[in-house]
Number of protein chains: 2
Amino acid sequence: MKPARKGKPTIRDVALAAGVSVGTASRAFNRAGRVSEAAITAVQAAAERLGYAPDAIAQSMRTRSSGVVGLLVSDFTNPLYARIINAVEARLQRDGFALLLANTHNDSRHELAMIDFFRRRRVDGLILGACETEKPELIDALLAQDLPVVALDRDFGPLGSGVNVDHYHGALQATRYLLKLGHTRIALMTPGQAVRPGRERIAGFCDAFAERGLKPEPKLIRAERSSMEFAFSEALALLSAPVRPTAFVCLGTRILAGVLQGLRHSGLSVPDDVSVVGVGDTDLSQLFSPAITSLTWDLEAVGTATAELMLARLSTASGHESVEPERIVMTTQMILRDSCGPLSGTSTAPSEPVRAAVKPSTRAKGGVAK
Amino acid sequence: MKPARKGKPTIRDVALAAGVSVGTASRAFNRAGRVSEAAITAVQAAAERLGYAPDAIAQSMRTRSSGVVGLLVSDFTNPLYARIINAVEARLQRDGFALLLANTHNDSRHELAMIDFFRRRRVDGLILGACETEKPELIDALLAQDLPVVALDRDFGPLGSGVNVDHYHGALQATRYLLKLGHTRIALMTPGQAVRPGRERIAGFCDAFAERGLKPEPKLIRAERSSMEFAFSEALALLSAPVRPTAFVCLGTRILAGVLQGLRHSGLSVPDDVSVVGVGDTDLSQLFSPAITSLTWDLEAVGTATAELMLARLSTASGHESVEPERIVMTTQMILRDSCGPLSGTSTAPSEPVRAAVKPSTRAKGGVAK
DNA sequence: ATGAAAGCGCTAACAA
DNA sequence: TTGTTAGCGCTTTCAT
């Protein structure tokens, strides 16, 4: 019943028990090369009996592929990331890949160290999400080493492939919406402009103004830290200015929370005093009073698409001189709720909230670009 | 500059370049055994020059330890889990361990499969968080194989070690609070009683009633699914009963959201019509109007403690016949906010909310038990 | 179709 | 102190 003495049984034990050589046993498991049905059944029976399971480490050693994908993210405490990662993991799991996870905590030195750490562990691929550095050289170097890299909402130049959310049109749409309601003193708060989402959002924001021949107030674009504390104090500062913004676009879950807190602290009401566009279809945006009109995208779809991009590169024999970079763009939706109202001349009757549509189906459709 | 031809340089290349043998090179890196300073510097220089990094897979192969810890959780989309996992990862990272993550999606078959998957990958240890099955046999089997297991808020019998939140006293405290306010028709909603947290909470809840010579209404204890949808419909059902509960204890983030939605749907107001105790110090509980009085515990501390328990077992030479099981209990705190009020006789003047204390410092102190 | 044997990159035991 | 060598468990030629 028991294997030799202690420790898990090896393929050697199985081969011995099945009365074949290790080579045959291996072929029987992998159904590779020529093996007789008889051998297969004998080997499987023996394996079953001994409770044998192949050692993944030894397999990696030989095949040079670990069945593990590394995922680097700044901080998966962010509920938006968490759901994406969840989807990535689920999809990877389906194909038998494991997920090695690490946070970079927005420290680019640490980030590099982690990439190296993963490489030493021979991950088969790397998903770079929410990292601070968007250096194309990095990708080039990694790619040159035959390590597939997929970016998550980051831009790594022409050679990089990945899944991007269409933040540009999202911000455009949200801003247009507020402009149409008559707002012009609109504050945009988003995570740093150092990375793709920030840049895209600022561009969309500005272009929405430009469409009407307007220009946004530069001081109202706050694209820096994405912490709640920062958003809170920024909001307070903005609101105590002589002439305050009439609307906030808060493109981060923590940012939204901070701004909402700032608003409450200032005794201002939403949407009568100021309109708010939030992000993500979170508990907070749904249950806050009033419910927050939000810019969203399908997090599960982003995660699944990311995983599939990786899987595709993984299955491609790495012999081929680097696969064509592929980029997938996911569209955003606006969920119209009760946190935005028309700009009231001064402070007329409490303007009634605008509710233009019900929440659309959660499933988004991602268009493929390039 | 470049290694041999292609592929990453091996220790062989380094040894060659440094003019020493592989054995010496290995010892130089690990500072094990006897090595001369001269050799060390030569080897390090060569390694630097070649861009050598030891292959973790090969090291695992030899040393039989992978430097990877597996973490199994039902669904890390739960923000409470996410923060715990974050802390686990951070602590593990400090000691050079990587985190292999997988969701079980509350499927016990899948859960077993994942445990096996991890074992095949030779994880050095397993953190079992939020799994469905609490079978001591499982732990025994794993332990027998010299695989350290640490449970995260789960009970795996006498041999299991892990970190537990003191849900019993938490529920006791929350219930006492509501009883003191005059409520007796208190609904308790918590994830399934199949697992430790559910059982403990129900016990605490009942004991709080018992202290006053009362018994809770069995129908008001809803300990099943923890989804928002379920909580929503349960809340609706409870609220439409002939005589409805005057208070809800919602011990799950999704549950809290569902109940809040149900309350809104019923047009009931908090705390005037019904009092609510929530869980976790989330954006929602802070920003909901009124802010939700919540039962919390230090998630970072739980994660860190879990990681440290694992690290301790990992550093212990596994030769020792299984280390003493160790259990850590983390205490809970009540953050008093505005969602609970005294039971008003019938419907007198809108009872003013009870606010008994400011939010305590976030850092909790975990007491060690047994 | 199968067995024997050569490693994958590394560490550790044993010699020198 | 250092070099040599034997594997860790597996896959994969290469003979047979």
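Being a predicted model, the structure only gives us computed values, none of them experimental.

Rules behind the numbers
- Residues numbered from 1 in each chain as written.
- Chains lettered and ligands numbered in written order.
- Predicted model: local features only at pLDDT ≥ 70, side-chain atom pairs only at ≥ 80, totals over all residues.
- Heavy atoms only, no water.
- Helix = DSSP H or I, 4+ residues; strand = E, 2+ residues; numbered from the N terminus.
- Contact = heavy atoms within 4.5 Å.
- Areas by Shrake-Rupley, 256 points an atom, 1.4 Å probe, with all protein chains shown as cover.
- Near = heavy atom within 4 Å.
- Polar contact = N/O pair within 3.5 Å; in protein donor to acceptor, adjacent residues only side chain to side chain.
- Least-squares fit on C-alpha atoms with pLDDT ≥ 70 in both.
- Pairing = 2+ DSSP bridges.
- Axes fitted to C-alpha atoms, helices over the stretch in contact; angles between N-to-C directions.
- Buried area = accessible area lost by both parts, 1.4 Å probe.
- Salt bridge = Lys/Arg side-chain N within 4 Å of Asp/Glu carboxyl O.
- Nonpolar A, V, L, I, M, F, W, Y, C, P; charged D, E, K, R; others polar.
- Domains from an automatic or database assignment.
- Phe/Tyr/Trp six-rings, centres within 6.5 Å; stacked < 30°, edge-to-face > 60°.
- Buried < 20%, exposed > 50% of the residue type's maximum accessible area, 1.4 Å probe, protein only.
- Right-handed = clockwise from strand over helix to strand, strands pointing away.

### Here's the deal with the overall build of chain A
Along its length, chain A carries 13 helices and 13 strands. Intrachain contacts of chain A at a sequence separation of at least 6 include 69% that bridge at least 24 residues. Approximately 16,600 Å² of chain A is accessible, and the part contributed by carbon and sulfur atoms is 53%.

### Concerning the protein's contact with DNA strand D
Around DNA strand D sit 27 residues, and of these Ile11, Tyr52 and Arg62 of chain A together with Thr24 and Arg62 of chain B come closest. Each atom of DNA strand D within 4 Å of the protein was classed as base or backbone; sugar and phosphate made up 58%. Between a phosphate oxygen of DNA strand D and a main-chain N or O atom of Ile11 of chain A, the distance comes to 2.3 Å. With respect to DNA strand D, the side chain of Tyr52 of chain A contributes an N or O atom lying 2.6 Å from a phosphate oxygen. Within the residue set of the surface near DNA strand D, elements represented by two or more residues are helix 2 (22-30) and helix 4 (56-63) of chain A together with helix 2 (22-30) and helix 4 (56-63) of chain B.

### Considerations on the relation of the copies chain A and chain B
Mapping chain A onto chain B calls for a rotation angle of 180° and an axial translation of 0.1 Å; the resulting RMSD is 0.1 Å. As the rotation angle and translation indicate, the two copies are arranged about a two-fold axis. Here 100% of the interface residues in chain A have copies in chain B that are interface residues too; the copies meet face to matching face.

### Focus: the sheet that holds strand 12 (residues 333-335) of chain A
All names here are of chain A. Sheet architecture is open: six strands sit in the order 7-6-8-9-10-12, paired in mixed fashion. The sheet is open, and its two borders are formed by strand 7 (221-224) and strand 12, each paired with just one other strand. Here the average twist between neighbouring strands, direction ignored, is 15°. Of the pairings in the sheet, the one linking strand 9 (residues 275-279) to strand 10 (residues 293-296) comprises three bridges and is parallel in character. Within the sheet, the bridge partner assigned to Val277 lies in strand 10 and is Thr293. Of the strands in this sheet, strand 6 (186-191) and strand 7 are in contact with helix 9 (residues 196-211), which crosses strand 6 at around 165°. Contacting strand 6, strand 8 (247-250) and strand 9, helix 11 (residues 253-265) crosses the sheet at an angle of about 155° to strand 9.

### Description of the interface of chain A and chain B
Interfaces are often described in size by the accessible area the parts lose on coming together. With 52 residues of chain A in contact, the opposing surface of chain B contributes 53 residues. Regarding the contact of chain A and chain B, the summed buried area is about 4,600 Å², with carbon and sulfur atoms giving 54% of it. Together, Ile57, Arg120 and Leu287 of chain A form the three largest contributors to the area buried by chain A at its contact with chain B, with a combined 16%. Remark: the boundary between chain A and chain B carries four salt bridges. Our count for the contact surface shared by chain A and chain B stands at 28 residue pairs in polar contact (both at pLDDT 80 or more). Where the side of chain A that touches chain B is concerned, the elements lending two or more residues are helix 4, helix 5 (79-94), strand 2 (98-103), helix 6 (108-120), helix 11 and helix 12 (283-287) of chain A. For the side of chain A that touches chain B, the element with the highest residue contribution is helix 5 of chain A, accounting for seven residues. Taken together, the residues of the side of chain A that touches chain B break down into 25 nonpolar, 15 polar and 12 charged. Here strand 2 of chain A pairs with strand 2 (residues 98-103) of chain B via three bridges, running antiparallel.

### Brief notes about the domain arrangement of chain A
The domains assigned to chain A are domain 1 (11-63), domain 2 (68-165 + 299-326) and domain 3 (167-296 + 332-365). The distance between the C-alpha centroids of domain 1 of chain A and domain 2 of chain A comes to 33 Å.

### Things to note about the side chain of Thr104 of chain A
As for its placement among the helices and strands, Thr104 of chain A is situated in the loop between strand 2 and helix 6. Non-local contacts of Thr104 of chain A, meaning those with residues more than four positions away in its chain, are made with Leu72, Val73, Ser74, His110 and Glu111 of chain A.

### Thoughts on the protein's contact with DNA strand C
Close to DNA strand C lie 26 residues, the nearest being Arg34 and Arg62 of chain A together with Ile11, Tyr52 and Arg62 of chain B. Between DNA strand C and the protein, one listed contact pairs a phosphate oxygen with a backbone N or O atom of Ser36 of chain A at 2.7 Å. Between Ile11 of chain B and DNA strand C, the recorded distance is 2.3 Å, taken from a backbone N or O atom to a phosphate oxygen. Per-element tally for the surface near DNA strand C: the top contributor is helix 4 of chain B, with five residues. Here the surface near DNA strand C is built from residues that sort into nine nonpolar, nine polar and eight charged.

### Focus: the packing of aromatic side chains
Residue and element names in this part refer to chain B. Enumeration over the complete set of coordinates arrives at six aromatic pairs over all chains. Taking the centre distance of 5.3 Å and the plane angle of 25° together, the rings of Phe29 and Tyr52 count as stacked. Of this pair, Phe29 sits in helix 2 while Tyr52 sits in the loop between helix 3 (37-50) and helix 4, and the two are 23 residues apart along the sequence.

### Describing the sheet that holds strand 10 (residues 293-296) of chain B
Residues and elements named next belong to chain B. With mixed pairing, six strands are arranged side by side in an open sheet as 7-6-8-9-10-12. The two strands at the open ends of the sheet, each matched to only one other strand, are strand 7 (221-224) and strand 12 (333-335). Averaged over all pairs of adjacent strands, the angle between their axes in this sheet comes to 15°, without regard to strand direction. Note: strand 10 against strand 12, three bridges, orientation antiparallel. Bridge pairing in strand 12 places Ser294 opposite Ile335. The strands touched by helix 9 (residues 196-211) are strand 6 (186-191) and strand 7; relative to strand 6, the strand with the most contacts, the crossing angle is about 165°. Across the sheet, helix 11 (residues 253-265) lies against strand 6, strand 8 (247-250) and strand 9 (275-279), angled at about 155° from strand 9, the strand it touches most.

### With respect to the pattern of salt bridges
Residue and element names in this part refer to chain A. Inspection of every chain in the model, using the stated rule, returns 28 salt bridges over all chains. Arg91 is paired through a salt bridge with Glu308; the nearest N and O atoms lie 2.9 Å apart. On the criterion of sequence distance, the pair formed by Arg91 in helix 5 and Glu308 in helix 13 (residues 299-315) is long-range, its members being 217 residues apart. Using a relative accessible area of 38% as the deciding quantity, one classes Glu308 as partly exposed. A salt bridge links Glu200 to Arg196; its shortest N-O distance comes to 3.6 Å. Here the residue Glu200 and the residue Arg196 both occupy positions in helix 9, the gap between them amounting to four residues, near one helical turn. Beyond isolated ion pairs, a larger network of salt bridges with shared partners links Arg91, Asp95 and Glu308.

### Here we look at the pairing of strand 9 of chain B
Residues and elements named next belong to chain B. The element strand 9 is extensively covered by neighbouring structure, given that five of its five residues are classed as buried. Along strand 9, one buried face is formed by Ser275, Val277 and Val279 and the opposite face, lined by Val276 and Gly278, is buried too. Summarising the sheet, strand 8 and strand 9 pair through three bridges and their orientation is parallel. Note that in strand 9 the partner of Ala247 across the bridge is Ser275. Note on the crossover from strand 8 through helix 11 to strand 9: the handedness is right-handed.

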